[in-house]
Structures are given as C-alpha cells and as structure tokens.
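# Summary of structural features
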Amino acid sequence: MADLRINLAGIVSPNPFWLASAPPTNTGYQVQRAFEAGWGGAVWKTLGDPIINTSSRFAAVHFNGQRVAGFNNIELITDRPLEVNLKEIYETKRRFPNHAIIVSLMVEPKQEKWHEIVKKVEAVGVDGLELNFGCPHGMAERGMGAASGQQPDLVEAQTMWAKEAATTPVIVKLTPNITDITSTAKAAVRGGADAISLINTINSLAGVDIDTWHTIPHVGGKGSHGGYCGPAVKPIALHMVADCARNPDVGVPISGIGGISNWRDAVEFMLMGATGVQVCTAAMHHGFRIVEDMIDGLNNYLDEKGLASVSELVGKSVPRYSDWGNLDLNYAVVAQIDKETCINCNKCHIACEDTSHQCIDRLTDENGASYLKVREEDCVGCNLCAIVCPVEGAISMVEVAGTDAPLTWNERQAAIAKLADGKDSNKKEAV
Ligand SMILES: Cc1cc2nc3c(=O)[nH]c(=O)nc-3n(C[C@H](O)[C@H](O)[C@H](O)COP(=O)(O)O)c2cc1C
C-alpha cells in the first residue's frame, strides 16, 4: 500500500482528501463524523462576524439524467456564534490530533480585524488557516470575499495582516471570478501566503422557472446571483490550478478544489500540481462515505503505477501544459472507424458533415451493406466524431507519421522574424 500522507506547507494529513469549507464542515459533530469516515482533513466553514442566511439557498443543474451536474448556492459564511465554533474546533482537534483542521476566515479588510480573528482561532489549536477571499455573493456586497479577492493589492495586504499574527500556515483561497487567476495568486504570495487553494465558486444563476418566472433559487420571489460548483466547474478549476502550478512566480503548494467527485478527479488535480484536494459538492450529494472509494481507488492506482507515495504524483503533468504557441503544428491525428464495433448510428457522419470538415463518407461494401469511412486525407483530427460516438472504441484517433519536423507557432514566428532581420541587414549592407 502506498503512503497517502501529505504535507501541504507544513500541514500534515493522513491522506490528501479534505472537506472544503462549506456546509459539510459547519459543526464539530459533522467534522468528527467526517474524520471517522476517513477524511484526512477539513477546512472549517468560514468564521467571521456571523450573518443571517436566507431560506431557500441551494439549487442544482441536473443535466440529461445526471443529478447535480452543477450546484449553485447563495449561502454565506457561518451563522453560528464564534465562541461556539471555537469550542467545537478545540474539541474536534483534541479527539482527532492527527487529522488536519484548517479554519477558514473572512473579516473586513482591516489589519486589526485580521489580527484579532487569527489570534482567537489559533488559540484553540488549529493546523492552519485559510483566508476566504472567494465567496462571490452576500459577503462581496459588504466588501469581503470575492470583492476583496478580485483586487490583488487587497489580497496582498490582507494576507500580510493575517501572516503578521499567524503562527500556523496560511492558505489563501482564491476566487475564480477574475480574468487572470495568477495575478491574485502572485499577490497572495507577495503577502506571504504559505499556500493557495482554488477555486471558490463561480458567479452564476442556476435557472429561471418558466412557469412562475421566478429565479432558481428564489427567496420570496426574488433571487440574486450565487456561486456555482460541482462536476460542471471541474475543467475551469483544473485549468486555474495548472495555470498557478506552472507559473514560477506563484511557487507555493496548492490545495485543489472544484468539482472533485472521485479519486480520478483527485489524481488529475494532483498531476496538475495540487498537493492535496478539497471536496464540497460531492460530499453534499453522496455523504461522507464517498471518501472510502476515494482512498481505495487512489491506493490501487498508486500500486498499479508502482508509486510508493501519493506525493510522487504532484505536478507530473504540469510540464505538459503549455501555451498554444508551443504546440507542434506538424503533429497530426486522424479518425478511424472500426467497422466491427460501429453501430451505424450516423452520429459521427452528421457531426462531421454539418459542423466539422465533411470527411466521413457513407459507402457500400461488396455485400451491399452500408458503412462509414473517414477520408483520412481530409480529416483534420478535430476529435468531434469520437466525442459524439456513443460506442466506446468504435472511433479511434490515430497518429499519422508526419514528414515534417516538429514546428511550433512560436518557432515559426521566430524563424520568420530572423529571416526578415537578415533581409533588413542585407539591405542595410547594400545601402
Ligand atoms: C452551500 C455552499 C456553501 C459554501 N460556503 C463556503 C464558505 O463558507 N467558505 C468558503 O471558503 N467556501 C464555501 N463554499 C465553496 C466550497 O468550499 C468550494 O470552494 C466550492 O464549492 C467548489 O468545490 P466543489 O465543486 O467540490 O463543491 C461553499 C460552497 C457551497 C456549495
């Protein structure tokens, strides 16, 4: 069995699976049950000046038979008194000394407020702090959460204020509601962050009821924007994690969050640079026991790969994630349809004919049977036919041996510039 322990900026946890700061980590009762179920760590539901929550507050996007493909909420930070939370954190840490308890914090962007809450929380014995600069609703209107998390100078200053008082590692949780995630990640690092976590939820409106014309969810007939999470946001989160992981100016450990529902998702985040992961929606959908499959699946995967420790996965795919300008323009794949496996549903033909490159022909064989074949010389290797094909293995994308050497756009442009330069200097010499 591989070693699943992680050490994220000094926070040690028996496995990489933490519950994210959200309803599953609202109380000591819940966090203790989560640890009993196998979760390695928990980020306590955000503490700050307790607020009043609305009823109702959650909504989900069910897509094509899949329940909770995406999840939306307008919940704010904790609505329980600080003292109650602190007492329960203390008790939970005492019962589970080897599990990671990180406490999420959100206060007004004022130095004394950060000092005060950091000291109070650290006094009960926690393994780390997570600064919530991410929630996109409610708190943002009060100048906290995403409102301050969208401004690099405020991220830097607040991180610095928290660090001035903190003795445990400080993780800065980033909002995805920003154009360039690395700008706030770098600001957090400038402020002294020991690690970053991402993503928090994405600005969203789950839907509109076409009968009542109310928003979904609505509070007595009125709605407001909420935060989107769950499986639907995973690709966005994965990109943002990778973007931070490959940026040398970020350079701190990452706790990956966003749409992680199983061990495979966790492995992807770790390959893209996350030291550990956090989960919210999947736990809300399926309960704490999903962590058992996560642990078993990860263990089996590491054994199959011959890896002794989960930390060996971290960042392995980062060098393979680059800018478009570094991709080989002479690399080519084409689609091939396996006649035996194909069920002749015609989905690939329609997709290619209507919306791609018109290179799948319907032919008739010597027995008069109709079949589909790709004209490989016209196929651009876009993958669409394989994507829409309902039968696993019926369409494969196959690499074709190119005659030209690898050439990226950046190399091509550099060569053109050099040529132009040469011409210029020839001209100059002639003059
Ligand atoms: C109902 C709900 C409440 C949340 N509350 C908080 C919070 O108090 N603090 C925080 O940092 N993130 C909060 N989040 C965001 C999650 O911690 C997490 O970043 C986000 O849901 C993405 O992870 P997921 O796709 O696994 O759900 C909340 C999410 C949900 C769904």
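Described below are features of the structure shown in this document. From a predicted model like this one, the values you see are computed outputs, not experimental measurements. (Residues numbered from 1 in each chain as written. Predicted model: local features only at pLDDT ≥ 70, side-chain atom pairs only at ≥ 80, totals over all residues. Heavy atoms only, no water.)

Below, the discussion takes up the overall build of the chain. Scanning the chain from terminus to terminus reveals 13 helices and 20 strands. Along the first, second and third principal axes, the C-alpha atoms of the chain reach 80 × 70 × 55 Å. Considering the chain as a whole, with its 431 residues, one finds that 49% of them fall into the buried category. The contacts of the chain with a sequence gap of at least 6 include a subset with a gap of at least 24, amounting to 72%. Charge centroids of the chain, computed over 37 positive and 51 negative side chains, lie 5 Å from each other. (Helix = DSSP H or I, 4+ residues; strand = E, 2+ residues; numbered from the N terminus. Buried < 20%, exposed > 50% of the residue type's maximum accessible area, 1.4 Å probe, protein only. Contact = heavy atoms within 4.5 Å. Lys, Arg positive; Asp, Glu negative; His and termini not counted. Charge placed at Lys NZ, Arg CZ, Asp CG, Glu CD.)

Once that is clear, we can look at empty space enclosed by the protein. In the structure shown here, the tally under the stated rule is three cavities of 30 Å³ or more. What the largest cavity holds in volume is close to 410 Å³. Looking at the lining of the largest cavity, the elements with two or more residues in it are strand S4 (41-47), strand S6 (66-73), strand S8 (128-132), strand S16 (274-279) and helix H9 (281-286). Per element, the largest residue contribution to the lining of the largest cavity is three residues, and it comes from H9. Taken together, the residues that form the lining of the largest cavity break down as 18 nonpolar, 14 polar and four charged. Looking at the second largest cavity, its volume works out to about 90 Å³. Along the wall of the second largest cavity there are 15 residues; nearest its centre are Cys352, Cys359, Cys379, Cys382 and Cys385. (1 Å grid on protein atoms, 1.4 Å probe; cavity = no way out; pocket = protein on both sides within 12 Å on 5 of 7 lines; lining within 4 Å. Points joined across faces, edges and corners; volume = space filled by probe spheres on them. Nonpolar A, V, L, I, M, F, W, Y, C, P; charged D, E, K, R; others polar.)

Turning next to the pattern of salt bridges. Counted by the stated rule, this structure contains 19 salt bridges. For Glu91, the salt bridge goes to Lys87, with nearest N and O atoms at 3.4 Å. Residue Glu91 and its partner Lys87 are both found in helix H2 (residues 82-95); the two are separated by four residues, about one turn of the helix. Among the residues examined, Glu91 registers a relative accessible area of 30% and is labelled partly exposed. Classification of Lys87 as exposed rests on a relative accessible area of 54%. Taking the shortest distance from any N to any O, the salt bridge between Arg246 and Asp243 comes out at 2.9 Å. (Salt bridge = Lys/Arg side-chain N within 4 Å of Asp/Glu carboxyl O.)

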